[in-house]
Every structure is written in C-alpha cells, then in structure tokens.
Amino acid sequence: MDLPYAEPFKIKSIEMLKRTTKEERYSLIKEASYNLFNLKSDYVYIDLLTDSGTGAMSDKQWAEIMIGDESYAGARSYYKLKKAIKDILGFEYFLPTHQGRAAENVLFSVLVKEGDIVPGNSHFDTTKGHIEFRKAIAVDCTIEEAFDSTLIHPFKGNVDLEKLEKVLSENPIEKIPMVIMTLTNNTSGGQPVSMKNLKGVSELCKKYGTRLIIDSARFAENAYFIKIREEGYQDKTIKDIVKETFSYADGMTMSSKKDAIVNMGGFIGLRDEDLFKQASTFNIIYEGFITYGGMSGRDMGALAQGLDEGTEFDYLESRIKQVAYLGQKMKDYGIPVMEPFGGHAIFVDAKKFFPHIPQSEYPAQLLGVELYVEGGVRGVEIGTLLADRDPVTREDRYPKLELLRLAIPRRVYTNNHMDYIAASMKNVFDRRNEYKNGLKILSEAPIMRHFTVKLDKI
Ligand code: F0G
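Rules used throughout
- Residues numbered from 1 in each chain as written.
- Predicted model: local features only at pLDDT ≥ 70, side-chain atom pairs only at ≥ 80, totals over all residues.
- Heavy atoms only, no water.
- Helix = DSSP H or I, 4+ residues; strand = E, 2+ residues; numbered from the N terminus.
- Rg over C-alpha atoms; globule rule 2.2 N^0.38 Å.
- Buried < 20%, exposed > 50% of the residue type's maximum accessible area, 1.4 Å probe, protein only.
- Contact = heavy atoms within 4.5 Å.
- Areas by Shrake-Rupley, 256 points an atom, 1.4 Å probe, with all protein chains shown as cover.
- Domains from an automatic or database assignment.
- Buried area = accessible area lost by both parts, 1.4 Å probe.
- Salt bridge = Lys/Arg side-chain N within 4 Å of Asp/Glu carboxyl O.
- Polar contact = N/O pair within 3.5 Å; in protein donor to acceptor, adjacent residues only side chain to side chain.
- Near = heavy atom within 4 Å.
- Pairing = 2+ DSSP bridges.
- Axes fitted to C-alpha atoms, helices over the stretch in contact; angles between N-to-C directions.
- Phe/Tyr/Trp six-rings, centres within 6.5 Å; stacked < 30°, edge-to-face > 60°.
- Core = buried A, V, L, I, M, F, W, Y, C linked by side-chain atoms within 4.5 Å.
- Expected span 1.5 Å × (residues − 1).
- Parallel < 35°, antiparallel > 145°, perpendicular 65-115°, else oblique.
- Left-handed = near helix turned anticlockwise from the far one by under 90°.
- Nonpolar A, V, L, I, M, F, W, Y, C, P; charged D, E, K, R; others polar.

Which parts of the structure should I look at to understand the overall build of the protein chain?
In terms of helices and strands, the protein chain carries 16 helices and 14 strands. Computed over the C-alpha atoms, the radius of gyration of the protein chain is 21 Å, within 12% of the 23 Å expected from 2.2 N^0.38 for a compact globule of 458 residues. Taken over the C-alpha atoms alone, the protein chain extends approximately 60 × 55 × 45 Å along its principal axes. Taken across its 458 residues, the protein chain has 58% of its residues classed as buried. Put simply, 73% of the contacts in the protein chain that link residues at least 6 apart link residues at least 24 apart. Per element, the accessible surface of the protein chain, about 19200 Å² overall, is 53% carbon and sulfur.

So this is what it looks like as structure tokens:
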C-alpha cells in the first residue's frame, strides 16, 4: 500500500488551550459586539482568524533567536537575511520592515501618487488600503472563473491578460507605476497563479513599460501548486520554482508572517538600485535604519532560517494537504466550500450556506459568529464587511464572494483539530434554516472597518 503523507517534523513544545462552554461563548461574542477581532484569544479554542504570524517556529529558528545580533547598524543577522533573500528569492537589494503592510507603505510612498492606477489580481485589503489612501485606484483584473466558488480551475488566482492589457493600453502608462500580483491570491480564496500567467503579466508590463511587483506573502505555497498542477514543473524543486517566479518581477513586498513562518516581520526585495535608494529614505522614516527596519536582529535570523524551511517540499506538502483534509471533511458533510481548496485556508461560501440572508446582513460574519458559539472556533469574514464602503459613494460594496475564511496556522494544529472544526461547522450547517436574520452595523471606522466594527443581531 502507498504510504500516506505525514508531517516531516515531531513536536518539541506544546501550549495548553482553554476550553469554554457554549453558554459562555454566547455571552462572550455578544460582549465583543459580534466582532471576532474583539474576542480575547484565551476564549478561543481553535484560532483560525489568520495564518499570519501564528505559525510554530522550529528548533533551528529558536536557535537563531539566541544567536541574533542586535547591533543597530550592519548586524550579522541582517547579512544572514540578506544572503537568504539573494539565494532563495534572487533579489540583490532588500529592506527589512516590521510586517507586510509596512513594506507596502514604504514602497508605495515612492511609487504611488494621487490619480494613479494599480492593476492586479484582487489586491489584499492592506494593499488596496495603501493604494486608496494615496487617492489612487486598485483595478481588479482577476479571471472571471475565480468568482465561481465551485468551478474547478487549477489557477484561480490568475489575471485575465485581456482585462489587464485593456487597463495598460487605455491609460497613460505614467499613471500606472506597477502591476501587483498577489501569490497566492488571498482575497479570492488562497488560489494560486500559474507560472505561465505570471510570465504573461511580466511580458505585458515590459511591453507597456511598467513594473511587476509581487505581493509575496504565500509565494512558497504558490510554488507548491505550480509543481503539482502546472505542466513542466513536476520535476523541479520548490526552490527552483521560487527562483523562476521572482525572476519575472522587478520587486516584491513580503509579509514574512506567512510563508517564512515567523511571528513578525516583512521586507521589500528590489532589483533596481535607484528605487532601493529612494525606498531607503522612507524605510528610515517609517521603519528604522536600513539594516534592521523595525525588526530585531534575532527575528531577522529566524526569518532567514524560515525562508529556507518554508521552501521545502515535504513541509509544504504536509501543510497544504492538512488544509485540504479539512476542506474535504466539510465537503463530505455537504457544507459549501470553495474549490479547489486554497493553500492556507478553507473558505466557506456564506451566500450558499445562508441563501435566505441578504449580503446587506453580512451572512459570512453571521457564520463566523455561529461557528464560534458552537465550537470556540474563530474564523474571519472575507465579505462585505472587509470590502468596506466605496470611497466615493460611501455605499457598502458587495463583493461577488461572501466568505468565511478558516485559515490554518502553520505547524500548529493536528488533524484531530481539523475533525473538531469540521464537526462544529456541520452542527451550524444542520441548523442553518433556524437563523432567520443576519447582523447590522452599530458603528464603524471610515477605513478598514472590519477590525473594529460593532454589530448587533437583527
Ligand atoms: N498581502 C497579503 C496577500 C496578505 O495576506 C497580507 C496579510 C498582507 C499583504 C499584509 O501583511 O499582515 O504582515 O502587514 N494578511 C493577513 C491575513 C493579515 O490574515 O491574511 P501584514
């Protein structure tokens, strides 16, 4: 018989979890104004709010914490990270930042001006936030297939090259400082982008004279999908695929909290020395001197080690297959999940889960609330609350997909936890017709409202 996959590691240290009762959770979420971000994590049994900064570091990463060099300038740990970025990703120039959105802030401070247009594949919310904050416009050119939650397509993160070319050809190119490709595409379900598509985007960028920047948070998971699904890549190593991926880009922003398996950190990778110099000024103002940029030396060491571990096939296989295990389990229960399963998360289609609850009543948020009450499992809404209001009309923007994301932290939970999550979701699903109404907003912030919004049941 074929041997099943199993984790290429064993567990050296554990963290105890607190259990609460359903009655307690009912009051706790009410006190939290039905906003899952307001819950104390002690009252969450399985936390799937995000896969960002929630991974478990390895013994070798912890060893880096001990040997970190905390010198303000020129630290040994900085050079270790610089070498890892050059060797694994291929970028000559890099700037450390405290996390991914800080990398966006620094780079966009150089590149994005009022009235600019930044096309891409469903920009992540902080990316879009940094673009819109500068009064520029993010144009989504993702393929239409991405918005059908059950259509099987191997690379639902792809850009529609025709849509992209239309944007590039119909606008003055000096208004388009870059195209941003997000790997994997978080917003449309953790879906990968093919190498062929990336190459196509890169060719268009060259043809029209703009840059290609990769939002790289989950670049290694993207490389895994290329190896598994794209012709010609089966025999390549993840590290080969990663190298080729970045060879098409002029630069990258990185949230190291995902695929580099650290709890905090980010960076910018660049090829162009002049752009690096301009960005360095903003890095010093916003983040810190260019050889630490908001990171401790020890954290840069752990990040260098994490980049290496995170781009190994055995690790990626066990990680992505665990996510698929959860997805399959829920699918077997009849729960409407997005397919193919994403790399870092399972996305539940709330419009299909609660077809009788309109998007104006935030059905994905309702699902998140009910899953928490049922099992103490915390997911996150990727729907109308996250989509925010239109900056001009101030009306709610209704995204095509209304999802509850269950993001799986790296190297943290076992498949027993996955079984528990699926069972909790099934119990809510079995009762789905008993929920007559959704939620209404009591108060919200003018931008990125989902973090602090206060809600009540209708
Ligand atoms: N880009 C993508 C694709 C992301 O998913 C994130 C963060 C960022 C950029 C920003 O990075 O958090 O380090 O500042 N995503 C997290 C999530 C928050 O839960 O998906 P950051």
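Moving on, there is more to tell.
Quick question: what am I supposed to make of the domain arrangement of the protein chain here?
Often, the extent of an interface is quoted as the loss of accessible area upon association of its parts. In terms of domains, the protein chain is made up of domain 1 (22-51 + 313-457) and domain 2 (59-309). Across the boundary between the two partners, domain 1 contributes 31 residues, which contact 36 residues of domain 2. With both chains or domains summed, domain 1 and domain 2 bury close to 2800 Å², and 58% of this area falls on carbon and sulfur atoms. At the boundary of domain 1 and domain 2, one finds seven salt bridges. Residue R410 pairs with E221 through a salt bridge whose shortest N-O separation is 3.0 Å. On inspection of domain 1 and its partner domain 2, the count reaches 16 residue pairs in polar contact (both at pLDDT 80 or more). Those elements that provide at least two residues to the side of domain 1 that touches domain 2 are α12 (313-332), β9 (345-349) and β12 (403-407).

Just checking my understanding: could you explain the site of the ligand for this structure?
Surveying the vicinity of the ligand reveals 17 residues, the closest of which are T50, R101, S255, K258 and R405. Between S255 and the ligand, the recorded distance is 2.7 Å, taken from a side-chain N or O atom to an oxygen atom. The contact in question runs from an oxygen atom of the ligand to an N or O atom on the side chain of R405, over 2.7 Å. Protein chains shield 93% of the accessible area of the ligand, which is 460 Å² for the free molecule. Considering every element that reaches the shell around the ligand, the biggest residue donor is helix α4 (residues 100-111), with three residues.

Sorry if this is basic, but what is going on with the sheet that holds strand β11 (residues 380-382) here?
The strands making up a sheet associate through hydrogen bonds between their backbones, and the pairing can be parallel or antiparallel. Strand order in the open sheet formed by three strands is β9-β12-β11, and the pairing between neighbours is antiparallel. Strand pairing shows two members of the sheet lacking a second neighbour, β9 and β11, which therefore form its edges. Averaged over all pairs of adjacent strands, the angle between their axes in this sheet comes to 35 degrees, without regard to strand direction. Here β11 pairs with β12 via three bridges, running antiparallel. Within the sheet, the bridge partner assigned to E381 lies in β12 and is L404. Along the sheet face, α12 touches β9 and β12 and points at about 25 degrees away from the line of β9.

What is the right way to look at the packing of aromatic side chains in this model?
Geometrically, a pair of aromatic rings is defined through the distance of the ring centres and the angle of the planes. Throughout the structure, instances matching the rule amount to 16 aromatic pairs. The rings of Y78, Y79, F94 and F267 are connected pair by pair, giving a single aromatic cluster.

Looking at this model, I keep getting lost on the nonpolar core. Mind explaining?
Where a protein is soluble and globular, its nonpolar side chains tend to be buried together. Counting 58 residues, the largest nonpolar core has L89, F267 and L307 as its most contacted members. Looking at this core, you find at least three residues from each of domain 1 (22-51 + 313-457) and domain 2 (59-309). If sequence neighbours within four positions are ignored, L307 has contacts with L81, A84, I85, I88, F219, A260 and F267. In this structure, A32, Y34, F341 and V377 belong to the second largest nonpolar core, which totals 44 residues.

Got a minute to help me understand the pairing of strand β7 (residues 251-255) in this structure?
Consecutive residues of a regular strand have side chains that alternate between opposite faces of the sheet. Of all the five residues making up β7, five are buried; the element is thus mostly covered by neighbouring parts of the structure. Side-chain alternation along β7 places G251, T253 and S255 on one buried face and M252 and M254 on a second face that is also buried. Relative to strand β8 (residues 266-270), β7 is paired through five bridges, and the arrangement is antiparallel. Note that in β8 the partner of M252 across the bridge is G269.

Whenever I open this one, the side chain of T127 confuses me. Can you help?
Within the element layout of this structure, T127 appears in helix α5 (residues 125-133). Using a relative accessible area of 1% as the deciding quantity, one classes T127 as buried. For T127, the residues in contact, after removing those within four places along its chain, are E104, F108, I180 and D215.

Can you walk me through unusual backbone geometry in this structure?
A negative phi holds for most residues other than glycine; trans holds for most peptide bonds. Residue T184 is reached from L183 by a cis peptide bond, and omega for that bond is -25 degrees. Note the cis peptide between E339 and P340, where omega equals -10 degrees. Positionally, P340 belongs in the loop between α12 and β9. Of note, Y362 is a non-glycine position whose phi angle comes to about 50 degrees, a positive value. Relative to the assigned elements, Y362 resides in the loop between α13 (350-353) and α14 (363-375).

It is not clear to me how α4 should be interpreted in this structure. Could you clarify?
It helps to recall that an α-helix has 3.6 residues per turn; residues three or four apart then point in one direction. Compared with the 16 Å implied by 1.5 Å per residue over twelve residues, the 16 Å span of α4 between its first and last C-alpha is a close match. Of all the twelve residues making up α4, eleven are buried; the element is thus mostly covered by neighbouring parts of the structure. Among the residues of α4, those classed as buried are G100, A102, A103, E104, N105, V106, L107, F108, S109, V110 and L111.

Even after reading the chapter, I still don't get the packing of helix α7 (residues 195-208) against helix α9 (residues 238-247), so can you show me in this structure?
Packed helices, taken two at a time, are described by the angle between their axes plus the distance between the axes. As a packed pair, α7 and α9 sit with axes 9 Å apart at the nearest point and diverge in direction by 20 degrees. With respect to α9, the axis of α7 lies roughly parallel. α9 is crossed by α7, and the crossing has left-handed handedness. Together, M195, L198 and K199 of α7 and I241, E244 and T245 of α9 make up the contact between the two elements. In the contact of α7 with α9, the residues fall into three nonpolar, one polar and two charged.

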